[in-house]
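Understanding the architecture of this molecule
This is what each chain is made of:
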Amino acid sequence: MASRETRLRVISLYKELHRLGREYPDPAYNFHKKLRGLFEKNRNLTDPEEIERAIKLGEYIRNETLALYSLRKYRHLKRMYPHESPTDPFP
């Protein structure tokens, strides 16, 4: 049985990933279904090392998803502004 702290970490990670999944750029990917499937698959883990490994994987997915969102926002901003800067700022 996992400790209370570990359980709270896992629940917090799941909630955070679920919130991040709302804005996932590709609706066909079905982020929430895959997220739930991964958490359900690891539901019965008892070995503390395996539990920690699964948490680390979840944190990695969270960080990669955040990086994807940052890149998406950066690309959007880059498209909004022209690439060339004006030569005379005060015409």
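Up top you'll find the structure we're talking about.
In this report, the structure presented in the accompanying data block is examined. (Residues numbered from 1 in each chain as written. Predicted model: local features only at pLDDT ≥ 70, side-chain atom pairs only at ≥ 80, totals over all residues. Heavy atoms only, no water.)

Each helix and strand counted, the chain has three helices and zero strands in total. Beginning at the N terminus, the succession of helices and strands in the chain can be written as α-α-α. Counting only residues that meet the buried cut, the chain has 14% of its 91 residues in that class. Within the structure as shown, the chain displays about 8000 Å² of accessible surface, and the carbon and sulfur contribution to it stands at 55%. (Helix = DSSP H or I, 4+ residues; strand = E, 2+ residues; numbered from the N terminus. Buried < 20%, exposed > 50% of the residue type's maximum accessible area, 1.4 Å probe, protein only. Areas by Shrake-Rupley, 256 points an atom, 1.4 Å probe, with all protein chains shown as cover.)

Attention now goes to unusual backbone geometry. In this structure, Asn30 takes a positive phi of about 60° despite not being glycine. With respect to the helices and strands, the residue Asn30 is situated in the loop between helix H1 (4–21) and helix H2 (31–41).

Now for the packing of H1 against helix H3 (residues 48–80). Put simply, H1 and H3 touch, their axes get as near as 10 Å, and they point 25° apart. In terms of orientation, H1 lies roughly parallel with respect to H3. When the axes of H1 and H3 are compared, the crossing they make is left-handed. Between H1, through Thr6, Arg9, Val10, Leu13, Glu16, Leu17, Leu20 and Gly21, and H3, the contact on the second element is made entirely by Ile51, Glu52, Ile55, Gly58, Glu59, Ile61, Arg62, Thr65, Leu66 and Tyr69. (Axes fitted to C-alpha atoms, helices over the stretch in contact; angles between N-to-C directions. Parallel < 35°, antiparallel > 145°, perpendicular 65-115°, else oblique. Left-handed = near helix turned anticlockwise from the far one by under 90°. Contact = heavy atoms within 4.5 Å.)

The subject of this paragraph is H3. In a regular helix each residue adds 1.5 Å, so 33 residues correspond to 48 Å; H3 covers 48 Å between its end C-alpha atoms and thus fits that length. Check the buried side of H3 and you find it contacts H1 and H2. (Expected span 1.5 Å × (residues − 1).)

Ranked by size, the top nonpolar core spans six residues in total: Leu13, Leu17, Leu20, Phe31, Leu35 and Tyr69. At the level of elements, H1 and H2 are the ones that each hand at least two residues to this core. Top element by residues in this core is H1. It accounts for three residues. (Core = buried A, V, L, I, M, F, W, Y, C linked by side-chain atoms within 4.5 Å.)

A grouping of Leu77, Met80 and Tyr81 is seen on the molecular surface, where their side chains present a nonpolar patch of about 370 Å² in accessible area. Of note, Met80 is situated in helix H3. (Patch = residues over 30% accessible without salt bridge, like charges linked within 9 Å, V, L, I, M, F, W, Y side chains within 5 Å. Salt bridge = Lys/Arg side-chain N within 4 Å of Asp/Glu carboxyl O.)

Note that Arg62 resides in helix H3. Not counting chain neighbours up to four residues away, the residues in contact with Arg62 comprise Leu13, Glu16, Leu17 and Leu20.

Looking now at the packing of aromatic side chains. Under the defined criterion, the tally for this structure stands at three aromatic pairs. Residues Tyr14 and Phe39 carry aromatic rings whose centres are separated by 4.9 Å and whose planes lie at 75° to one another, so their mutual orientation is edge-to-face. Taken together, the residues span a long stretch of sequence, with Tyr14 in helix H1 and Phe39 in helix H2 at a distance of 25 residues. Among the residues examined, Tyr14 registers a relative accessible area of 24% and is labelled partly exposed. Phe39 sits in the partly exposed class, given a relative accessible area of 24%. (Phe/Tyr/Trp six-rings, centres within 6.5 Å; stacked < 30°, edge-to-face > 60°.)

By themselves these figures say nothing about function.
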